[in-house]
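Inside the fold
What follows is each chain in one-letter form.
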Protein chains: 2
Amino acid sequence: MIFALKRFLIGRPLKSTELGEQKLSKTKALAILSSDALSSVAYGPEQILIVLFTLGAAAFWYSIPIAVGVLILLTALILSYRQIIFAYPQGGGAYVVSKNNLGVNPGLIAGGSLLVDYILTVAVSVSAGTDAITSAFPALHSYKVVIAILFVIFLTILNLRGVTESASILAYPVYLFVLALFILIGVGVFHILTGSVSNELHTPIGTPVAGISLFLLLKAFASGSSALTGVEAISNAIPNFKSPAPKNAAKTLLMMGVLLALLFSGIVFLAYYYGITPKTEVTVVSQIAEKTFGRNMMYFFIQGTTALILILAANTGFTAFPLLAVNLAKDKFIPRMFTIRGDRLGYSNGILFLAISSIVLIIAFNGQTEHLIPLYAVGVFIPFTLSQTGMVVKWIREKPNGWLPKLIINATGATISLIVTLMFFLTKFSQVWPVLIFIPVMIVLFHRIKNHYDAVGEQLRISKDEKVEPIEGHVIIVPVAGITRVVENSLNYAKSLSANQIIAVYVSFEREDAKIFEEKWKKWQPDVRLVTLHSQYRSIIQPLTKFIDIIQHKASEAKFGVTLVIPQFLPKKGWHNILHNQTSLLIRAYLLFRRDIIITTVPFHLKK
Amino acid sequence: MIFALKRFLIGRPLKSTELGEQKLSKTKALAILSSDALSSVAYGPEQILIVLFTLGAAAFWYSIPIAVGVLILLTALILSYRQIIFAYPQGGGAYVVSKNNLGVNPGLIAGGSLLVDYILTVAVSVSAGTDAITSAFPALHSYKVVIAILFVIFLTILNLRGVTESASILAYPVYLFVLALFILIGVGVFHILTGSVSNELHTPIGTPVAGISLFLLLKAFASGSSALTGVEAISNAIPNFKSPAPKNAAKTLLMMGVLLALLFSGIVFLAYYYGITPKTEVTVVSQIAEKTFGRNMMYFFIQGTTALILILAANTGFTAFPLLAVNLAKDKFIPRMFTIRGDRLGYSNGILFLAISSIVLIIAFNGQTEHLIPLYAVGVFIPFTLSQTGMVVKWIREKPNGWLPKLIINATGATISLIVTLMFFLTKFSQVWPVLIFIPVMIVLFHRIKNHYDAVGEQLRISKDEKVEPIEGHVIIVPVAGITRVVENSLNYAKSLSANQIIAVYVSFEREDAKIFEEKWKKWQPDVRLVTLHSQYRSIIQPLTKFIDIIQHKASEAKFGVTLVIPQFLPKKGWHNILHNQTSLLIRAYLLFRRDIIITTVPFHLKK
């Protein structure tokens, strides 16, 4: 049943050799990897206006120079990441670049904050998209959390199905969103050029504003640069591209940069020209759309695609998280299970871990994850800074042909990212402080995991000095609960092993019971020695363990091995298991972890 | 840690021989087994008045004849159960009596409805007690469910500690409640006798009332008889009494009957004389107390002990459920685990099952379990009817000395119980219909469980005709994941078993990997045959299972046994387990249930 459901939801398993077919073309990659970045134009410009609004509407013209600043930062980031793509064609996430050039700990800081960030991406984007939907249909408002969780589950299933299949579905909404915004910007600019929009709506650029300060401008800039989250997704995912992967990835990155720049500046410009004021109930994009088209079909088309792309932005997390997790897991900093490809060749453990974590976040914050946005932005700019710095170090170290311009590009990127990061700490400390706790905690955890793996490797390695001592003989202990065919079966097996001694052990809760059993046993199996143990506390495991300890002690002197042969009957149907006390399983689980004893299970399958 | 907590909460384990010390004296038994019955005087009289109130306050005098009816029913039940106690000194619950005299299915109907009923008892009583507390402290109202759950957990811990210890704690509130009500009734009657209460407050007995009907009177009677739930608890719990158990139980039952009759008639009388009208916010007992004492210390003493005893009424469920479950489990109608005594000699599985079920009910009904009361009452009167009928059949069959008066007593009890049951179906069908669904479902389930146990017994029995075929030799399969000390350890064990063939199996996901491994293996273990399997779908279990099937097929021809020797390394700390893929455990779990193969686990304990 469960298997059939799984098959239905995620499709038939794929062969390892089908991996190539799952690779992404440029068009699909653009859709799948840039929904996060592109969707942020839906809220980035608004973030700038909200900060400026504290000084009044007259300050809105500052959004133009701030947008220019964001565009410069975007250009620096795109150029920087372009260089990373060619320098690290195997996937140059912030983790890899920082680790290789700056050392393990900077790498772990970058990797750790990105891991957390992708979880935040999913929670924040899905919540925002759900908000957009429940704003349109207020009746759904009380089901917000459930709707958000359903979206996460939907994305999880898509991603478990595999990369290209999800890309096909995801491509449409992303391109529709881009189309919708281009139409909006085009029609808006046309209205302005034909003079049908009054130019009294906004204060001219350069108008002096009372109370303006560098701090405030930097805060607005930092807020606006939250529109750049998601830019790194492509450089992480190079192995997912069709070959030549780096070239295709670089082209996709450039394309994304251009789209992002156009949409961002278009929205900022229209907002400025229309003199739009940020409101809590209606988004800036929605206001622009209403002024441009009125509340007609086009308006709802723009709102609808915006809601869709916000939800799909979460998909960037689903693409990037598992790949980053693989990198960390290969270096033994997180559990090995993240390196395993599932039935459909995706890294299903990473996908599931991300899904569960983000659902937990959505539930914990009751679907209101907006105030996680600054935390999320800072979690992006820390790795930005580290990876760009890493590239700077790389250029200085390696000095390849034409390294100076490259160095300048990355140095610019690193500096601006660092400034943005510091801005966040300076202007929004009350929202970003958790980073200062969870990053150190994660680093410690990463190192403890790595230490464990190293210790295990050490202990499992075969050394030529230490020879394994051969086992000279066998003592077999068979715990028995009655005179049944299950026991008979196990004894039959034990006898066939030509052991030196077979001991059946019976644990009784009452003295008389033991006597009766001993007599029965003598008649049934006169050649197998029976030991009865009395249990005052009605525990089978305690007296059995004590007995095993004694036998093991004796056996070890003779270099004999002790094997516990456990008779186990297995019911035919799953639900029957709760009808039986599962003593065999308990004994095995207890002894396996606590004693160094070989345990053999002799199954007896019931036929009805 | 968990063990220490368990020890702290429920105390040190007790020896089986300490069982006698856990038996109940009469005073403790009265407290522990009658809190349910006694607590019902807190709501029984009110139930009568609520029904009569539909005709107006003039009809309240009917509460006196109705109360007489309830007292007659009570007398009949007490006398009937007294006879049951002597006839079934081993514990004569409705289940045992019905099964022995009427047949298996009537027994199961009685037992099944009582099992469900005890769960309802706990949920309803604890919710009612919590209501009493939150009425006094409205600030706690929004924590109602949490408080109720905490009370259930508290009772669970008490009961896991053992019978007598919980009795010591529970005895005080029960006796305080009885004392409080006696003071209330005494002072009330004194006021009336001294003439300080106007006798204008009530209509005289016999006043004609418009619209009175037999149906309404029967409905009021049925409602009032819900005060008799809990009467059967003592006859279920005879084995818990100090010897001579039946005699002590009978005395306790009589004592309880007298107390219940006195309190019930006292409350009904005062309510009538004071002309009290049922209100939704204030209980009848509370109104009587206020009229008698005003809002002073005594008033709060009565309210406090009432709240306490309502919560403790749940304890009757905790005492009776596990004992009934043992009876059903011994007859194989419910899982065997209910017969196991825990560390403190209580039937801990029954206690835990009851606790979890009632917590689920409390959560499901959000702490508002009042409308479960009729369901609960009907679940009591069905087994009442069946057990009394059973006794009638018994007397007719056995005809002991002086059987005729005994038969008359039980026949009266059976008839009245049947009438009350029918009244519930007639007058409150909308609330009691679920009984008609869950009883048949439970009966079917009981029979399926019993059939399974019988089938298992059949299959495990040793028959002399069928001889076990001796195993002529052994093939050992060792799945290997690398060249490590864990594998070396397992091979060492396999070699010591003098098997006819040892086959190491390596599952590779890539063709090249297999070749490299084969070469390494040849150098390391030239004398052990290695088979490499290629897995297209990255599953280890599938190809391994196929291989085992082939080997088993070949081996069975030669009467050889096939043993799978699984190397397993065990990390030192629990949390390390999530860092390893647990392939060994998965292989074992899969094959154990699906194939008839002997599985040996060779542990390799890590030291750090």
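Predicted model, so just to flag it, every value in this text is computed and none were measured.

1. Section: the overall build of chain A
- When helices and strands are tallied, chain A shows 22 helices and five strands.
- Its C-alpha atoms give chain A principal-axis dimensions of about 110 × 60 × 45 Å.
- When each of the 608 residues of chain A is scored for burial, the buried share is 54%.
- Here chain A displays about 26,100 Å² of accessible surface, and carbon together with sulfur accounts for 65% of that area.

2. Focus: the side chain of E488(A)
- Residue placement: E488(A) occurs in helix α19 (residues 485-496).
- For E488(A), which is buried and forms no salt bridge, the nearest opposite charge comes from R485(A), at a distance of 4.7 Å.
- Each residue touching E488(A), except ones within four places of it in the same chain, is listed here: W524(A), I462(B) and V468(B).

3. Describing the side chain of H202(A)
Residue and element names in this part refer to chain A.
- When you line up the elements, H202 lands in the loop between α8 (163-193) and α9 (214-224).
- Relative accessible area serves as the criterion here: at 14%, H202 is assigned to the buried category.
- Within the structure, the side chain of H202 is placed 2.9 Å from the backbone oxygen of Y273, a separation counted as a polar contact.
- Those residues in contact with H202 that lie beyond four places of it in its chain are Y272 and Y273.

4. Describing the sheet that holds strand β2 (residues 501-508) of chain A
- Overall, mixed pairing links the ten strands, which are arranged β3(A)-β2(A)-β1(A)-β4(A)-β5(A)-β5(B)-β4(B)-β1(B)-β2(B)-β3(B) in an open sheet. For this open sheet the edge positions go to β3 (529-534) of chain A together with β3 (529-534) of chain B, each flanked by a neighbour on one side alone. Strand-to-strand, the axes of this sheet are offset by a mean angle of 25°, without reference to chain direction.
- Sheet analysis places strand β4 (residues 560-570) of chain A next to strand β5 (residues 598-605) of chain A, joined by eight bridges and oriented parallel. Each residue of the ladder has a partner; that of I566(A), found in β5(A), is T601(A).

5. Details of the packing of aromatic side chains
Residues and elements named next belong to chain A.
- For the structure on display, the rule yields 26 aromatic pairs over all chains.
- When the centroid spacing of 6.4 Å and the interplanar angle of 35° are considered together, the rings of F381 and F424 count as tilted. Taken together, the residues F381 in helix α15 (residues 373-398) and F424 in helix α16 (residues 403-427) connect sequence positions 43 residues apart.
- When its relative accessible area of 0% is taken as the criterion, F381 is described as buried.
- Judged by relative accessible area, which is 1%, F424 ranks as buried.
- Feature note: the residues Y81, F381, F384 and F424 constitute an aromatic cluster, connected by ring pairs.
- Here the basic side chain of K399 rests over the ring of W403, its NZ or CZ set 5.6 Å away from the ring centre.

6. Topic: the packing of helix α12 (residues 284-293) of chain A against helix α13 (residues 297-330) of chain A
All names here are of chain A.
- Where α12 contacts α13, the axes come no closer than 9 Å and their chain directions differ by 160°. When the axes of α12 and α13 are compared, the pair comes out roughly antiparallel. At the point where α12 passes α13, the crossing takes the right-handed sense. Taken together, the residues of α13 that come into contact with α12 (itself represented by V285, S286, A289, E290 and F293) are M298, Y299, I302 and Q303.
- Split by residue class, the contact of α12 with α13 holds six nonpolar, two polar and one charged.

7. Description of the interface of chain A and chain B
- Taken together, the contact pairs 76 residues of chain A with 76 residues of chain B.
- Of the roughly 6,800 Å² buried where chain A meets chain B, counting both sides, 58% is carbon and sulfur surface.
- In this structure, the connection of chain A to chain B is made through zero salt bridges.
- In this structure, the connection of chain A to chain B is made through 27 residue pairs in polar contact (both at pLDDT 80 or more).
- Among the elements of the structure, α18 (434-460), α19, β4, α22 (583-594) and β5 of chain A are those that each provide at least two residues to the side of chain A that touches chain B.
- Its residues placed into classes, the side of chain A that touches chain B shows 37 nonpolar, 20 polar and 19 charged.
- Relative to strand β5 (residues 598-605) of chain B, β5(A) is paired through three bridges, and the arrangement is antiparallel. Among the inter-strand pairings, T600(A) is bridged to a residue of β5(B), identified as T600(B).

8. Points about the domain arrangement of chain A
- Domain parsing of chain A yields domain 1 (20-453) and domain 2 (473-605).
- One C-alpha centre belongs to domain 1 of chain A, the other to domain 2 of chain A; they are set 61 Å apart.

9. Quick word on the relation of the copies chain A and chain B
- Once chain A is rotated about the relating axis by 180° and shifted along it by 0.1 Å, it coincides with chain B to within an RMSD of 0.1 Å. Here the copies are linked by what is in effect a two-fold axis. Minimal C-alpha distance to the rotation axis in chain A is attained by T600(A), lying at 1.9 Å.

10. Some points on α22(A)
- Given a rise of 1.5 Å per residue, twelve residues ought to cover 16 Å, and the 16 Å separating the end C-alpha atoms of α22(A) matches this to within 8%.
- For α22(A), every residue scored as buried is listed here: S584(A), I587(A), R588(A), L591(A) and L592(A). Along α22(A), the residues classed as buried sweep out an arc of 120° about the axis, all on the same side.
- Its buried side turned inward, α22(A) meets α21 (541-557), β4 and β5 of chain A together with β4 (560-570), α22 (583-594) and β5 of chain B.

11. Let's talk about helix α5 (residues 94-102) of chain A
- Every buried residue belonging to α5(A) is among A94(A), Y95(A), V96(A), V97(A), S98(A) and N101(A), and all of these are buried.
- A positive phi of about 115° marks G103(A), the residue just after α5(A).

12. Some details on unusual backbone geometry
Residue and element names in this part refer to chain A.
- Following S243, the chain continues into P244 via a peptide bond in cis, with omega recorded as 0°.
- Its location among the elements puts P244 in the loop between α10 (233-236) and α11 (245-274).
- You will see that K332, though not glycine, has its phi angle at about 70°, which is positive.
- Here K332 lies in the loop between α13 and α14 (348-364).

13. Focus on a nonpolar patch on the surface
- Residues F137(A), L140(A), Y143(A), V146(A), L150(A) and I153(A) make up a contiguous nonpolar surface patch of about 580 Å² in total accessible area.
- Residue position: L140(A) is located in the loop between α6 (104-136) and α7 (144-161).

14. Looking at the packing of helix α3 (residues 44-53) of chain A against α11(A)
All names here are of chain A.
- One can describe the packing of α3 onto α11 by two numbers: an axis separation of 9 Å at closest approach and a directional angle of 40°. In this view, α3 runs oblique relative to α11, as classed from their interaxial angle. Crossing of α3 over α11 shows right-handed handedness. Where α3 abuts α11, its residues G44, P45, I48 and L49 lie against F264, I267, V268 and A271.
- Split into classes, the residues belonging to the contact of α3 with α11 amount to seven nonpolar, one polar and no charged.

15. Concerning the pairing of β4(B)
Residues and elements named next belong to chain B.
- For β4, a buried count of nine out of eleven residues is recorded, marking the element as mostly surrounded by other parts of the structure.
- Relative to β4, strand β1 (residues 473-479) is paired through five bridges, and the arrangement is parallel. Bridge pairing in β4 links G473 to F560.
- Handedness of the β-α-β unit built from β4, α22 and β5 comes out right-handed.

16. Brief notes about the environment of S496(A)
- Within the secondary structure, S496(A) is located in helix α19.
- Those residues in contact with S496(A), other than ones at most four positions away along the chain, are I471(B) and H474(B).
- Of note is the side chain of S496(A), whose polar atom sits 2.8 Å from the side chain of H474(B).

17. Regarding the pattern of salt bridges
All names here are of chain A.
- A complete count under the given rule lists 16 salt bridges over all chains for this structure.
- As a salt-bridge pair, D454 and K332 come within 4.0 Å of each other at their nearest N and O atoms. Taken as a pair, D454 in helix α18 and K332 in the loop between α13 and α14 lie far apart in primary sequence, 122 residues in all.
- Residues participating in the shared-partner salt-bridge network are K332, K450 and D454.

18. Description of the pairing of β3(A)
Residue and element names in this part refer to chain A.
- Pairing of β2 with β3, which is carried by six bridges, proceeds in the parallel orientation. Looking across to β3, one finds that A504 is bridged to L530.
- What joins β2 to β3 is helix α20 (residues 511-524), and the crossover it makes is right-handed.

Reading the values: rules and limits
- Residues numbered from 1 in each chain as written.
- Chains lettered and ligands numbered in written order.
- Predicted model: local features only at pLDDT ≥ 70, side-chain atom pairs only at ≥ 80, totals over all residues.
- Heavy atoms only, no water.
- Helix = DSSP H or I, 4+ residues; strand = E, 2+ residues; numbered from the N terminus.
- Buried < 20%, exposed > 50% of the residue type's maximum accessible area, 1.4 Å probe, protein only.
- Areas by Shrake-Rupley, 256 points an atom, 1.4 Å probe, with all protein chains shown as cover.
- Lys, Arg positive; Asp, Glu negative; His and termini not counted.
- Salt bridge = Lys/Arg side-chain N within 4 Å of Asp/Glu carboxyl O.
- Contact = heavy atoms within 4.5 Å.
- Polar contact = N/O pair within 3.5 Å; in protein donor to acceptor, adjacent residues only side chain to side chain.
- Pairing = 2+ DSSP bridges.
- Axes fitted to C-alpha atoms, helices over the stretch in contact; angles between N-to-C directions.
- Phe/Tyr/Trp six-rings, centres within 6.5 Å; stacked < 30°, edge-to-face > 60°.
- Lys NZ or Arg CZ within 6 Å of the ring centre and 35° of its normal.
- Parallel < 35°, antiparallel > 145°, perpendicular 65-115°, else oblique.
- Left-handed = near helix turned anticlockwise from the far one by under 90°.
- Nonpolar A, V, L, I, M, F, W, Y, C, P; charged D, E, K, R; others polar.
- Buried area = accessible area lost by both parts, 1.4 Å probe.
- Domains from an automatic or database assignment.
- Least-squares fit on C-alpha atoms with pLDDT ≥ 70 in both.
- Expected span 1.5 Å × (residues − 1).
- Arc of directions from axis to C-beta.
- Patch = residues over 30% accessible without salt bridge, like charges linked within 9 Å, V, L, I, M, F, W, Y side chains within 5 Å.
- Right-handed = clockwise from strand over helix to strand, strands pointing away.

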